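Listed here are the chains, written in short residue letters.
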Amino acid sequence: MKPTYYVTTPIYYVNGAPHIGHAYTTIAADVMARWKRLDGCEVFFLTGTDEHGQKVEKAAADAGMAPQEFVDGISAQFQAMTRRMGASNDAFIRTTEPRHIASCAALWQRVADAGDIYLGGYEGWYAVRDEAFYGADELIDGPHGKLAPTGAPVEWVTEPSYFFRLKSWQDRLLAFYHANPDFLAPSSTRNEVLSFVRGGLEDLSISRTSFAWGVPVPGDPAHVMYVWFDALTNYITALGYPATDTDLWRFWPADLHLVGKEIARFHTVFWPAFLMAGGIAPPRRVFANGWLTIEGEKMSKSIGNVIDPMALADELGLDAVRFYLMREVPFGNDGNYSRRALVGRLNGELANDFGNLAQRSLSLLAKNCDGLLPASGPATEDDAALRAMAAALPDMLRARLDRQAIGDAIEDVWKVIRAGNAYIDKQAPWALRKTDFARMESVLRLLADVLRAVATMLQPVMPDAMGRMLDQLGVPTDARMLADLAFPLPAGTHLPPPAGVFPRYVEAA
Ligand code: MSP
């Protein structure tokens, strides 16, 4: 049986259109999903939209629309973004779906039955923008009153509320983190969360009565569930919870929740506590990506620098955008989006490094070998060194990607591409054509094998372009998995006429 792999993105709020920040996490999750499929796993990849809460209720009212109508429209935009980014998600969940309401009610009931929920009264500082409560000691002074540490305005709220006994989970959570050192990464986020939990947890208010756009609390519909209880539950709803005797449920616990660093706390403190209280295993790993700025500035509607990832893909090509986003910033760090850097990588790394290597090799094969893959001849030391570099890649990438070091994995591949270029320059197969035809064939065969390996392993990042490159290398569509690299293509395999995969981009003056 194939190993299973369950990867998720956050479910995105529907109070505004999708932007490049959302696309960033979605693409990274897609790279993980495609990589694991390539490596023989059975994958379930989930994304979706988070549609309840006061913020959405307000946004709908501002737009003069009923909340459901409003969220339908924006969720559709997120679905379009997901498709346009090439995401290979197996499902798209919406928290307004009836199955999700039922799933939340079931989890709530389990947690309540376990004695972890009680009715109390809540007084505190609440930031609608963050959908979060803050302690008085966390607040900062703003020009018009108190602000949350995130800069969001806070208001003093008093209302009856159900509470989750989070305080009583503090020690069990610390023990869980200790026993599962890979549960939370990168280490910057891990340290932040650990010190937050060590600092002492308070019981958590998990219902509200001041607005209605949410999942009703079982048995007390004057309350709606705290949006994070509702939102986090999506990850099990999608696997059919509360039914756990199904085929889908074998994907739980999730292998990877990818999230932005600002929501790591919700995923690594509240979520495992809710689950354990409900008798469900916590996820195996949460990885927090950093924040992208745009040309050095925070992305914001008021600055007017919000980047639409769909328009960018239309203009520069989806594969180039995916490659750039995964390549530019070490995954997990904060980083910057810059158009110059994108075009620079497109031309320098895709068109030059990779495109030229492929183009030179494939056109020599077409011209000199009648478009038929030659056999390998006796290996020289240079041949053996290059072949060994390519052969080492799968294990290196497995190790990198198990830690979500996507940028490092791409760099590993690029080392091989650069070595391929140095090899072709040194061997000069164009000259061998006249002096040693058999050696030329052998050199071109090795280049074809290296290109095949590289293109196979880059499929998760650039599915379209690599598909076209593998077509040109004569690799059958059912032989494009990592495991297939162990089986060389037969000599004499027909190679279709080559066509450039990465055109250079010239910025209009
Ligand atoms: N709805 C909650 C998540 C609930 S998950 C159970 C939420 N939604 S959100 O629309 O605000 O999406 C936030 C996520 O989008 C971030 O966690 C991150 O993954 C991604 N990003 C949004 N802007 C981003 C950047 N500027 N840079 C990088 N990622 C960003 O929070």
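The coordinates are above.
For every chain, the first residue of the written sequence is number 1, and numbering continues from 1 onward in sequence order. Local features are withheld for residues below a pLDDT of 70 in this predicted model, meaning they are given only at 70 or higher, and side-chain atom pairs are given and counted only at 80 or more; totals for whole chains, interfaces and linings count all residues. Only hydrogens and water are set aside when side-chain values are computed; all heavy atoms of the structure are taken into account.

So what about helix α2 (residues 54-62)? Which residues, and what values?
Listed as buried for α2 are Gln 54, Lys 55, Val 56, Ala 59 and Ala 60. In this analysis, two residues are considered to be in contact whenever any of their non-hydrogen atoms come within 4.5 Å of each other. Secondary structure elements follow DSSP: runs of H or I no shorter than four residues count as helices, runs of E no shorter than two count as strands, and numbering proceeds from the N terminus. In the core, the buried residues of α2 are packed alongside β1 (4-13), α3 (67-84), β4 (117-127) and β11 (207-208). Taken from the residues just after α2, Gly 64 is the one with a positive phi, measuring 70°. Only protein chains enter the accessibility calculation, which uses a 1.4 Å probe; a residue is then buried when its area is under 20% of its type maximum, exposed when over 50%, and partly exposed in between.

Go over empty space enclosed by the protein, please, and point to the residues and values.
Every definition here rests on a 1 Å grid over the protein atoms only: cavities are sets of points where a 1.4 Å probe fits but cannot get out, pockets are open sets enclosed by protein on both sides within 12 Å along at least five of seven lines, and lining residues have some atom within 4 Å of a point. Grid points are joined across faces, edges and corners, and a volume is the space filled by probe spheres set on the points. Summed over all chains, the structure comprises two cavities of 30 Å³ or more. Roughly 70 Å³ of internal volume is contained in the largest cavity. Along its surface, the largest cavity is lined by Val 31, Trp 35, Leu 397, Leu 401, Ile 406, Ala 409, Ile 410, Val 413, Met 457, Leu 458, Pro 460 and Val 461. In terms of residue count, helix α13 (residues 406-427) provides more of the lining of the largest cavity than any other element does, four residues in total. In the scheme used here, Gly and all other residues not listed as nonpolar or charged are polar, with Ala, Val, Leu, Ile, Met, Phe, Trp, Tyr, Cys and Pro taken as nonpolar and Asp, Glu, Lys and Arg as charged. For the lining of the largest cavity, the residue count by class is 12 nonpolar, no polar and no charged. Of the volumes computed, that of the second largest cavity is approximately 40 Å³. Along the walls of the second largest cavity sit Leu 373, Ala 448, Asp 449, Arg 452, Leu 473 and Leu 489, which together make up its complete lining.

I'd like to hear about the site of the ligand, residue by residue, with values.
In the vicinity of the ligand lie 25 residues, with Ile 11, Thr 25, Asp 50, Gly 260 and Glu 262 positioned nearest. In protein, a polar contact means a hydrogen-donor-capable atom and an acceptor-capable atom, both N or O and within 3.5 Å, with residues adjacent in sequence counting only if both atoms are side-chain atoms; elsewhere, any N or O pair within 3.5 Å suffices. Within the contact set of the ligand, a nitrogen atom lies 2.8 Å away from a backbone nitrogen or oxygen of Ile 11. All accessible areas in this document rest on Shrake-Rupley with a 1.4 Å probe, and a residue is counted as covered only by the protein chains that are shown. Here the ligand has 670 Å² of accessible area as a free molecule, and 94% of this is covered by the chains. Elements with a minimum of two residues in the shell around the ligand: β1, α1 (20-38), α7 (227-237) and β14 (256-260). Per-element accounting of the shell around the ligand gives the leading share, five residues, to α7. Of the residues that constitute the shell around the ligand, the class distribution is 14 nonpolar, nine polar and two charged. Whether a residue is near a molecule or strand depends on its heavy atoms: it is near if one of them lies within 4 Å of it.

Give me the lowdown on the pairing of strand β8 (residues 155-164), citing residues and values where you can.
A pair of strands is labelled paired if DSSP reports no fewer than 2 bridges between them. Here β4 runs beside β8; their pairing, made up of 10 bridges, is antiparallel. Its bridge partner being in β8, Leu 119 is matched across the sheet by Tyr 162. Relative to strand β10 (residues 204-205), β8 is paired through two bridges, and the arrangement is antiparallel. Bridging from a neighbouring strand, Phe 163 pairs with Ser 205 of β10.

Explain the sheet that holds β4 residue by residue, including any values.
Reading across from one edge, β5-β4-β8-β10 is the order of the four strands in this open sheet, with antiparallel pairing throughout. Looking at strand neighbours, the two that pair on one side only are β5 (132-134) and β10, the edges of this open sheet. Two elements, β4 and β5, share three bridges in a ladder whose sense is antiparallel. Within β5, the position partnered with Tyr 126 by the bridge is Phe 133. In this description, a line fitted to the C-alpha atoms serves as the axis of each element, helices being fitted only across the stretch in contact, and the angle between N-to-C directions of two axes falls anywhere from 0 to 180 degrees. On top of the sheet, helix α8 (residues 264-277) reaches β5, β8 and β10; it is set at about 35° to β8, its chief contact.

Explain the sheet that holds strand β12 (residues 216-217) to me, using residue names and the numbers behind them.
Here we have three strands laid out as an open sheet, ordered β11-β13-β12, and antiparallel in their pairing. In the strand order of this sheet, the two ends are held by β11 and β12, each with one partner. Sheet topology note: the β11/strand β13 (residues 220-225) ladder contains two bridges and is antiparallel. Each bridged residue has a counterpart across the sheet, and for Ser 207 the counterpart in β13 is Met 225.

So, the packing of helix α10 (residues 318-328) against helix α11 (residues 339-368): which residues are in play, and what are the values?
Closest axis-to-axis distance for the α10/α11 pair is 10 Å, and the angle between their directions is 100°. Classed by the angle they form, the pair α10 and α11 counts as roughly perpendicular. For the pair α10 and α11, contact is made by Ala 320, Phe 323, Tyr 324, Arg 327 and Glu 328 and by Ala 341, Leu 342, Arg 345, Leu 346, Glu 349 and Leu 350, respectively. The class makeup of the residues in the contact of α10 with α11 is seven nonpolar, no polar and four charged. Between 65 and 115 degrees an angle is taken as roughly perpendicular, under 35 as roughly parallel, over 145 as roughly antiparallel, and anywhere else as oblique.

Break down the packing of aromatic side chains for me, with residues and values.
For Phe, Tyr and Trp, rings pair up if their centres lie within 6.5 Å, where Trp contributes its six-membered ring, and each pair is then called stacked (planes under 30 degrees apart), edge-to-face (over 60) or tilted (otherwise). All told, the structure shown has 29 aromatic pairs when counted by the stated rule. Ring centres 5.9 Å apart and planes at 40° place the aromatic pair Tyr 241 and Trp 249 in the tilted group. Using a relative accessible area of 13% as the deciding quantity, one classes Trp 249 as buried. Taking the centre distance of 5.5 Å and the plane angle of 80° together, the rings of Phe 266 and Phe 270 count as edge-to-face. You can see Phe 266 and its partner Phe 270 sitting in helix α8, four residues apart, about one turn around the helix. Comparing Phe 266 with Phe 270, the two get one shared label, buried. Following the ring pairs from residue to residue traces out a cluster consisting of Tyr 6, Phe 44, Tyr 235, Tyr 241, Trp 249, Phe 251, Trp 252 and Trp 271. Only Lys NZ and Arg CZ are tested; either one counts as a charge over a ring when it is within 6 Å of the ring centre and within 35 degrees of the ring normal. The ring of Tyr 126 carries the charged tip of Arg 208 above its face, separated from the ring centre by 4.2 Å.

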